[in-house]
Amino acid sequence: MQSEMKIGFVGGGNMANALIGGLAGKLTAAKNIHVIDPNEEALQKLAQAFGVTTALQAGEALRACDVIVLAVKPQQMKDVVQNLKPFIAAQLILSIAAGIRAVDLSRWLGGHGAIVRTMPNTPALIGKGITGMVALPGVSAAQRDAADAILRAVGATVWLDDESLIDPVTAMSGSGPAYVFYFIEAMQKAGAEMGLTAEQANQLAIATFTGAAELAARSTEPVSLLRERVTSKGGTTHAALTSMEASGVSDAIVKALKAAAARGKELGEEFGRD
Ligand SMILES: NC(=O)C1=CN([C@@H]2O[C@H](COP(=O)(O)OP(=O)(O)OC[C@H]3O[C@@H](n4cnc5c(N)ncnc54)[C@H](O)[C@@H]3O)[C@@H](O)[C@H]2O)C=CC1
Ligand SMILES: O=C(O)[C@@H]1CCC=N1
């Protein structure tokens, strides 16, 4: 059932598009979604695609919102939030920015307590996102439900007790779609180098990813067992996995995710000062 929730977006870029795609006309009517962005082209695209209302800067429409989603780059957050301050009263503030800590957002907003920090991902665009979320103690049960409803409109939600775990979530599912695309690109390249057409390589790589991921999602058994079932003794999979182990692929992936989490923490320290 559609709610009457009024949702403001500050920033109408990639991630706002992904979220609005799942919300407009579903959780709430498109007219209840208001987007602020200084980029006129971005606003036109959103208005045309979803029928949301837009403005180049914050105004009364933002003040009337129940929830305001902060969807600008971490580097811009402090300036953006300080300019929003005159328009913030009781609204729930929902940040999707990597790194930026809730306590810094609260300070920039003069001690605002109703803040939920989240980390969604781009599959939200097709309703298959997953979002890690954490609430400041000043968030009411109703506001927590509203935040959950917004992110559940575009996929699954995982609530965290400890804000520091948002950086690992960012490293896994926030940035994760890029690792999957990277792996698919490498498989496509291999297929093409071995003589398949680009179209065949594309079809084979993507169907393998979606099929294996669906199998893992539906299985009650550990993923390692599913892997072993593909790996015949002395066979082709064994040859590939032995080569990957020799190249340190698993260790490299663990190292890469830790680098992403460290960068998240660093962004918070770098752009959350004063
Ligand atoms: N792209 C992704 O996969 C994910 C991104 N995020 C987070 O989402 C946030 C936005 O990222 P993207 O959408 O990828 O970036 P983007 O660059 O596509 O969008 C940012 C938007 O903010 C707008 N903007 C700049 N100054 C503004 C201002 N003063 N007021 C309002 N809007 C302003 C820009 O014009 C742009 O349209 C970031 O903080 C990022 O960490 C979180 C999860 C996944
Ligand atoms: O790369 C980034 O910083 C953002 C956060 C997660 C996905 N994209």
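Residues numbered from 1 in each chain as written. Chains lettered and ligands numbered in written order. Predicted model: local features only at pLDDT ≥ 70, side-chain atom pairs only at ≥ 80, totals over all residues.

Where an unreviewed UniProt entry is consulted, the chain appears under the name Pyrroline-5-carboxylate reductase, with the organism given as Noviherbaspirillum humi. Of the chain, the UniProt comment under Sequence similarities (unreviewed entry) reads exactly: "Belongs to the pyrroline-5-carboxylate reductase family." UniProt annotates the chain under Subcellular location (unreviewed entry) with the comment "Cytoplasm". (UniProt positions renumbered as here; feature names shortened; annotations may be inferred.)

Asks: I'd love a proper account of the overall build of the chain, names of residues and values included.
Replies: Broken down by element type, the chain carries 12 helices and eight strands. Along the three orthogonal principal directions, the C-alpha set of the chain runs to about 65 × 40 × 35 Å. (Helix = DSSP H or I, 4+ residues; strand = E, 2+ residues; numbered from the N terminus.)

Asks: Could you give me a rundown of the site of ligand 2, with the residues and numbers involved?
Replies: All residues adjacent to ligand 2 are Ala98, Thr170, Gly174 and Ser175. Among the residues forming the shell around ligand 2, the class breakdown is one nonpolar, three polar and no charged. (Near = placed C-beta within 6 Å. Nonpolar A, V, L, I, M, F, W, Y, C, P; charged D, E, K, R; others polar.)

Asks: Help me get a handle on the UniProt feature "domain: Pyrroline-5-carboxylate reductase catalytic N-terminal" (unreviewed entry) in the chain, residues and values and all.
Replies: On the UniProt side, "domain: Pyrroline-5-carboxylate reductase catalytic N-terminal" (unreviewed entry) is annotated at positions that read residues 6–99 here. Overall, residues 6–99 shows 35% helix and 20% strand. The separation of its end C-alpha atoms is 26 Å.

Asks: How would you sum up the site of ligand 1? Please name residues and give values.
Replies: In the vicinity of ligand 1 there are 26 residues, among which Gly11, Gly13, Met15, Ala97 and Ala98 approach most closely. The leading source of residues in the shell around ligand 1 is helix H1 (residues 14–23), at three residues. Taken together, the residues of the shell around ligand 1 sort by class into 15 nonpolar, nine polar and two charged.

Asks: So, the sheet that holds strand S4 (residues 67–70): which residues are in play, and what are the values?
Replies: Read from one edge to the other, the open sheet built from eight strands follows the order S3-S2-S1-S4-S5-S6-S7-S8, with strand pairing classed as mixed. Pairing within the sheet leaves two strands with one partner each, and these edge strands are strand S3 (53–55) and strand S8 (155–159). Across this sheet, the average inter-strand angle for adjacent strands is 25°, counted without regard to direction. With five bridges joining them, strand S7 (residues 129–135) and S8 adopt parallel strand pairing. Within S8, the residue paired with Gly132 across the bridge is Val158. This element, helix H6 (residues 141–152), spans strand S1 (7–10), S4, strand S5 (92–95), strand S6 (115–119), S7 and S8 of the sheet and lies at about 40° to S5. (Pairing = 2+ DSSP bridges. Axes fitted to C-alpha atoms, helices over the stretch in contact; angles between N-to-C directions. Contact = placed C-beta atoms within 7 Å.)

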